[in-house]
Amino acid sequence: MERSLKLYMLLNVKTKYGEVQGVVSEGGYALFKGIPYAAPPVGELRWKKPEPPIPWEGVRICDEFGPACLQEAAHLKPGSFYGKEFFSGSDYPPKMSEDCLFLNIWTPARSADDKLPVKMWIHGGGVQNGYSFEKEFDGDAIARRGVILVTIGYRVNIFGFFAHPELTSESGHNASGNYGILDQIQALKWLRENIAAFGGDPDNITIFGQSGGGRSVQAICCSPLSKGLMKHAIVQSAGGISTAAGRLPREKVELQGIKFMEYIGCKNISQMRAIPGEELLNKFLDYMKEHSLGMSTFNISTDGYVLPLSLEDSIIQGVHADIDYMLGNTADEGRILGMLHPERMMASLRGWARLQLKQGKKPAHMYCFERKLPGDDAGAFHSAELWYIFGTLNRSWRPFTEADYKLSEQMIDYWTNFAKTGNPNGKGLVEWTPFTDDFPCSMKFSIEGNEMTDYSNNEKLKEFEDQLLNSQQ
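Residues numbered from 1 in each chain as written. Predicted model: local features only at pLDDT ≥ 70, side-chain atom pairs only at ≥ 80, totals over all residues. Heavy atoms only, no water.

K.L.:
For this particular structure, what's the right way to read empty space enclosed by the protein?
P.N.:
Counting across every chain of the model gives three cavities of 30 Å³ or more. Lining the largest cavity are 17 residues, with P67, A68, C100, S132 and G153 positioned closest to its centre. Secondary structure elements with two or more residues in the lining of the largest cavity: β6 (68-69) and β8 (102-107). Its residues assigned to classes, the lining of the largest cavity shows 11 nonpolar, six polar and no charged. (1 Å grid on protein atoms, 1.4 Å probe; cavity = no way out; pocket = protein on both sides within 12 Å on 5 of 7 lines; lining within 4 Å. Points joined across faces, edges and corners; volume = space filled by probe spheres on them. Helix = DSSP H or I, 4+ residues; strand = E, 2+ residues; numbered from the N terminus. Nonpolar A, V, L, I, M, F, W, Y, C, P; charged D, E, K, R; others polar.)

K.L.:
Explain unusual backbone geometry here, please?
P.N.:
Most of the time, phi is negative for any residue but glycine, and the peptide bond is trans. The residue after Y92, namely P93, is reached through a cis peptide bond having omega 0°. With respect to the secondary-structure elements, P93 resides in the loop between α2 (81-86) and β7 (96-97). Despite not being glycine, N174 has its phi angle at roughly 55°, a positive value. Within the element layout of this structure, N174 appears in the loop between α5 (165-170) and α6 (179-194).

K.L.:
What is the right way to look at the sheet that holds β8 in this model?
P.N.:
Two modes of strand pairing occur in sheets, parallel and antiparallel, and in both the strands are linked by backbone hydrogen bonds. Read across the sheet, 11 strands follow the order β3-β4-β8-β10-β9-β11-β12-β13-β14-β15-β16 without closing on themselves; strand pairing throughout is mixed. At either margin of the open sheet sits one strand with a lone partner, and together these are β3 (23-24) and β16 (451-453). With five bridges connecting them, strand β9 (residues 116-122) and strand β10 (residues 148-152) associate as parallel partners. Counterpart to I122 in the pairing with β10 is I152. In the packing of helix α7 (residues 212-222) onto the sheet, contacts are made with β9, β11 (200-210), β12 (232-236) and β13 (324-330), and the angle to β11 comes to roughly 135°. Against the sheet, helix α15 (residues 402-421) makes contact with β9, β11, β12, β13, β14 (365-369) and β15 (442-445), and its axis sits at roughly 145° relative to β12, the strand it touches most. (Pairing = 2+ DSSP bridges. Contact = heavy atoms within 4.5 Å. Axes fitted to C-alpha atoms, helices over the stretch in contact; angles between N-to-C directions.)

K.L.:
Just checking my understanding: could you explain the pattern of salt bridges for this structure?
P.N.:
Pairs can form between side chains of opposite charge once their charged atoms are near each other. Counting across every chain of the model gives 24 salt bridges. One salt bridge in this structure joins K444 and E451, with 3.0 Å as the shortest N-O distance. The exposure class of E451 is partly exposed, given its relative accessible area of 39%. The network of salt bridges with shared partners includes R144, R145, E409 and D413. (Salt bridge = Lys/Arg side-chain N within 4 Å of Asp/Glu carboxyl O. Buried < 20%, exposed > 50% of the residue type's maximum accessible area, 1.4 Å probe, protein only.)

Below is the structure:
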């Protein structure tokens, strides 16, 4: 069976940098694991913008995922909810390395002339952890609908978001930090150059991500460096006009960079670049714990290069890309994260949707995922929808029902339709209308039935929306 399948799929592809050979996925599609989209960001390339991949001779066999970026292993945290949810199993922790700029491609194309729509997934984890091949991610259900899925790794934590005045001075554009966002933009550039060879349409790329990946999507859309690289964007459980790390200026991150350099006893960046990656990670983790620091230490910042304005102000001033947007959240965002009011995130995203209209940009499609997952009382928690949009419920420990599988199929239809045309609607689906002033509604996803819902009567939501509105004045 596998031999006959190979006759009808692209398993050998010539990229600009060399030929790659994929494998057959579980669903019968061509799967290329661990393609380098940039040079290894190690040694002198640590804390520099990504360079193009190093070309290779012969055929590169792409049958193993590339390493995850160095990070704290979630399963080592006692009682970690997400450790059990997404990171447990015999294949965890994954192989990790500072050399982590790889992407994975699932393609249903049978020739390089197919010009299929492309979705590029940016994983979450607060830009501190996570990786491109977590067990909830898979491209088969998406490929079955005629869409190519690409998942990417990128630099996280101190490797991706460290800033320091010396780095700013040497950069050539008076900025430092946001290397992880530069990685993501480099992956988009790689796709523009190479995805046609995999049967994809370089002019129809959708970027989508959740949590830290959602903020990354917003950052890409707000960056002048990404102009023309994507056609649609999906921001899940993140972003808007009030983001998780807030308006974080480069200077504040640089100050932490100075303190960290002093903490580890280095006198300059050259000495810091000489420290092995694993050792640097451990020093970073010790520093964070000893000083009780949070996610705003080394995170997405207003660096003046990747982001001339903050994520929030880019949206408020309307300098972000005028493309198709899908924006949404889960009903119980804060239950696991310790946030008291999940309405805050919805208010932030609704604020973005209202500005789309005020600025004359395309109206956004909004959603709220309300399915309370079976198996415990975590509800529709932050990240709960991931099992559904990738069609991987069978990989979870949870006792999902037939209704859950049906909901998953519907959500994948909406997400892939959006990637095809910028409109999530399709045959057999409840009509999903965009958010407007006259009809400020979101698509509610639940096993009782999907429906357009106006959440405006939620008093707590209205309170947060008024706060955000007043803060802009």
